[in-house]
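# Coordinate inspection notes
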Amino acid sequence: MLASGAPITLVPLDVTGTTALRLEDLDRLRQARTRLADYLYQVTEPWIRYVEKVRGLPGCRLHDPLAVAVLLDEGIVRTENWAVEVELGGLTRSRPVKWRPDSLALHTGLDVPDRAPARVVTGADNRRLVELLVNELSRP
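Numbering of residues begins from 1 in every chain and follows the order in which that chain's sequence is written. Owing to the predicted nature of the model, reporting of local features is limited to residues with pLDDT of at least 70; listing and counting of side-chain atom pairs is limited to 80 or more, with chain, interface and lining totals taken over all residues. Calculated side-chain values reflect all of the structure's heavy atoms, with hydrogen atoms and water omitted.

## Observations concerning the nonpolar core
Take the buried Ala, Val, Leu, Ile, Met, Phe, Trp, Tyr and Cys residues and link them wherever side-chain atoms come within 4.5 Å; each set so joined is a nonpolar core. Relative accessibility decides the category of a residue: with a 1.4 Å probe and only protein chains considered, values under 20% of the type maximum give buried, values over 50% give exposed, and everything between is partly exposed. Membership of the largest hydrophobic core comes to 24 residues, with the highest contact counts inside it found for Leu21, Leu66, Ile76, Val77 and Leu129. When contributions to this core are tallied by element, the ones reaching two or more residues are helix H2 (23-30), helix H3 (35-53), helix H4 (63-72), strand E4 (118-124) and helix H5 (126-137). For this analysis, residues touch if any pair of their heavy atoms sits within 4.5 Å. Once residues lying within four places of it in the same chain are set aside, the contact partners of Leu21 are Leu26, Thr44, Ile48, Gly59, Cys60, Leu62 and Val130. Grouped together as the second largest cluster of nonpolar side chains are six residues, Trp82, Val84, Ala118 and Val120 included. Only DSSP runs of H or I with at least four residues qualify as helices, and only runs of E with at least two residues qualify as strands; both kinds are numbered from the N terminus onward.

Below, the structure written as structure tokens:
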């Protein structure tokens, strides 16, 4: 996919790992009193309590929701254009490696793929993300 030439926006795990849906956010969603909001509250509230207690996190991560939110409001994230390759082995397996195509002037001996740059998300505004999610998921 990264070599396809199609326009790509990559939302890496290190950025989605900075997001959190907290219990107070979930309470706001519950106030919508829709079937979807009630369901999401029921299935998410135990998970948030678990990750707070066992993992010491301030809420549950919003991995997939951030990727979807980028489609709805690009202003939620910061992006940079990078060439990207995904590691296929070793301890770094499945990790994206990014570089600027013009920054590898001294790459003698390296097999550097010729890639069109992808838009790589480098940061996210969690407050805006949660606000968007609560608003969209509260619709009747």
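## Overview of the side chain of Asn126
With respect to the helices and strands, the residue Asn126 is situated in helix H5. Given a relative accessible area of 17%, Asn126 falls into the buried group. If we skip the residues at most four places from it in the chain, Asn126 touches Thr19, Ala20, Arg22 and Leu62.

## Overview of the packing of H2 against H5
Axis definition: a line fit to C-alpha positions, over the contact stretch in the case of helices; interaxial angles, taken between N-to-C directions, run 0 to 180 degrees. With their axes 9 Å apart at the nearest point, H2 and H5 run at an angle of 25° to one another. Classified by the interaxial angle, the pair formed by H2 and H5 is roughly parallel. In this structure, H2 crosses over H5, and the sense of that crossing is right-handed. Along the contact surface, H2 presents Asp25, Arg28 and Leu29, while H5 presents Val130, Glu131, Val134 and Leu137. Throughout this entry, Asp, Glu, Lys and Arg are counted as charged residues, while Ala, Val, Leu, Ile, Met, Phe, Trp, Tyr, Cys and Pro are counted as nonpolar. The remaining residues, Gly among them, count as polar. Here the contact of H2 with H5 is built from residues that sort into four nonpolar, no polar and three charged. To sort the angles, those under 35 degrees are grouped as roughly parallel, those over 145 as roughly antiparallel, those from 65 to 115 as roughly perpendicular, and the leftovers as oblique. Note on convention: the crossing is left-handed when the near helix lies turned anticlockwise from the far helix by less than a right angle, right-handed when the turn is clockwise.

## Things to note about the packing of aromatic side chains
Aromatic pairs are defined between Phe, Tyr and Trp rings, using the six-membered ring for Trp, whenever the two ring centres lie within 6.5 Å; interplanar angles under 30 degrees are classed as stacked, those over 60 as edge-to-face, and all others as tilted. If you walk through the whole model with that rule in mind, you get one aromatic pair. Plain terms: the ring middles of Trp47 and Tyr50 are 5.3 Å apart, the flat faces sit at 25° to each other, and that makes the pair stacked. Pair noted here: Trp47 and Tyr50 are both in helix H3, with a separation of three residues, about one helical turn. Exposure remark for Trp47: the relative accessible area of 39% places this residue in the partly exposed category. A residue is classified by how much of its surface remains accessible, and Tyr50, at 37% relative accessible area, is partly exposed.

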